[in-house]
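Structural characterization, general
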Amino acid sequence: MDETISAEIGRFVAESPGNRFPDGSGPYFDQPLVGFAAAGDPLFTEYKRVIGEFHLTPAELLEGAATVIVWVLPVTESTRVSNRLESDWPSRSWALTRTHGETLNGALRRHLVAYLEGLGHGAVAPQYSPAWREFSDTPVGIASTWSERHAAYAAGLGTFSLSDGLITGRGIAHRVGSVVTTLALPATPRTARTHRHNCLWYREGTCGVCIGRCPAGAITFAGHDKARCRELVYGSAPALLAERYGVPHTGCGLCQTRVPCEAGVPRGKKPAGSP
């Protein structure tokens, strides 16, 4: 059944008209990566300590929760190339992917919930749950009651980076989505040695290219300043570019392009040990 679910996610992304640039030049996303985490995985309880007591477990989102289904939508190479050329603001293709690609991601969340319910299973997209909340001031900075990236880590899809992004087998340039369901599915193994192992800086003390790529100065060797990043992504960037690009959300993504982890797990001097 896990293969059936993965195939349905892949089919939806491949066939959806929402996964196309307005001019028909190509898709926003390549074939998705899909992983599964057991709803009872102790890691979800651990997130209450790591992120905050407000972070919900799958069981708090859905009675009888058995599995968290997670997918990663890799940004296409043409869009990544366009963003590599930028140094101050995101490219138009990146901005269109941020707005319209996330709309597709939302449609996929809703589609998968309906698909699972049609099979007789309970399902909820945490992002659209009435319990979802965002908090601007927590010990870890801006946070919410459900983290798609942390769900992806739990489902064996990647590990975290110096910029706080998730480095997957297809790199760090992507969108993430998840659905909690009562359908029991086999969990995807987590093979990385640590939760930061795919990042060259954390693995062997090299790289740090994302620091120089950030136009807001939000990334240092001490980590990621969420507030400074947010001001650029949701403030100055759309204020300058939204009308020009014709989309309300532009994103940024400079730290996700022209970096060694852009399209895969960087090899470095030590084996990555990650899917």
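Let me begin by describing the structure that accompanies this report. Keep in mind it's a predicted model, so treat the numbers as computed, not measured.

Rules of the game
Residues numbered from 1 in each chain as written. Predicted model: local features only at pLDDT ≥ 70, side-chain atom pairs only at ≥ 80, totals over all residues. Heavy atoms only, no water. Disulfide = S-S within 2.5 Å. Buried < 20%, exposed > 50% of the residue type's maximum accessible area, 1.4 Å probe, protein only. Helix = DSSP H or I, 4+ residues; strand = E, 2+ residues; numbered from the N terminus. Lys, Arg positive; Asp, Glu negative; His and termini not counted. Salt bridge = Lys/Arg side-chain N within 4 Å of Asp/Glu carboxyl O. Polar contact = N/O pair within 3.5 Å; in protein donor to acceptor, adjacent residues only side chain to side chain. Contact = heavy atoms within 4.5 Å. Arc of directions from axis to C-beta. Pairing = 2+ DSSP bridges. Axes fitted to C-alpha atoms, helices over the stretch in contact; angles between N-to-C directions. 1 Å grid on protein atoms, 1.4 Å probe; cavity = no way out; pocket = protein on both sides within 12 Å on 5 of 7 lines; lining within 4 Å. Points joined across faces, edges and corners; volume = space filled by probe spheres on them. Nonpolar A, V, L, I, M, F, W, Y, C, P; charged D, E, K, R; others polar.

**Topic: the state of the cysteines**
Under the criterion given, the structure shown has zero disulfides. With no disulfide of its own, C199 has C210 as its nearest cysteine by sulfur position, at a separation of 6.5 Å. Taking the relative accessible area as the measure of exposure, C199 reaches 7% and is therefore buried.

**Describing the side chain of E204**
Residue placement: E204 occurs in helix α7 (residues 200-204). Here E204 occupies a buried position and makes no salt bridge, while the nearest side chain of opposite charge, R203, is found at 4.0 Å. A distance of 3.3 Å separates a polar atom in the side chain of E204 from a polar atom in the side chain of T206. Reaching out from E204, the side chain makes a polar contact with the backbone nitrogen of K269 at a distance of 3.0 Å.

**Considering the environment of E15**
With respect to the helices and strands, E15 occurs in helix α1 (residues 2-15). When its relative accessible area of 53% is taken as the criterion, E15 is described as exposed. Reaching out from E15, the side chain makes a polar contact with the side chain of R11 at a distance of 2.8 Å.

**Quick notes on the side chain of S91**
Along the chain, S91 turns up in the loop between α4 (77-84) and α5 (92-118). Sequence-distant contacts of S91, that is, excluding residues within four places in its chain, are made with T79, S82, N83, E86 and Y245.

**Thoughts on α4**
What α4 keeps buried is the set T79, R80, S82 and N83. Relative to the axis of α4, the buried residues are bounded by an arc of 160 degrees and lie together on one face. On its buried face, α4 is in contact with α5 and α8 (209-213).

**Remarks on the sheet that holds strand β8 (residues 174-181)**
Overall, antiparallel pairing links the four strands, which are arranged β1-β2-β8-β3 in an open sheet. Bordering the open sheet on either side are β1 (33-38) and β3 (123-124), each of which pairs with just one other strand. Strand contacts of α1: β1 and β2 (67-74), with the helix running at about 140 degrees to β1, the strand carrying the most contacts.

**Regarding the pattern of salt bridges**
Opposite charge on two side chains permits them to pair, given that their charged atoms come into close proximity. This structure, assessed with the given rule, holds twelve salt bridges. E134 is the partner of R230 in a salt bridge, and the nearest nitrogen-oxygen pair spans 3.0 Å. With R230 in helix α9 (residues 226-245) and E134 in strand β4 (residues 134-135), this pair connects stretches of sequence that are 96 residues apart. Assessed through its relative accessible area of 31%, R230 is described here as partly exposed. Among the charged side chains, a network of salt bridges with common partners joins E102, R109, E148 and R175.

**Comments concerning empty space enclosed by the protein**
Evaluation of the coordinates by the stated rule reveals two cavities of 30 Å³ or more. What the largest cavity holds in volume is close to 100 Å³. If you trace the largest cavity, you find 16 residues lining it, with C199, C207, G208, C210 and C261 closest to the centre. Counting residues per element, the ones that place at least two in the lining of the largest cavity are α7 and α8. Partitioning the lining of the largest cavity into residue classes produces 13 nonpolar, three polar and no charged.

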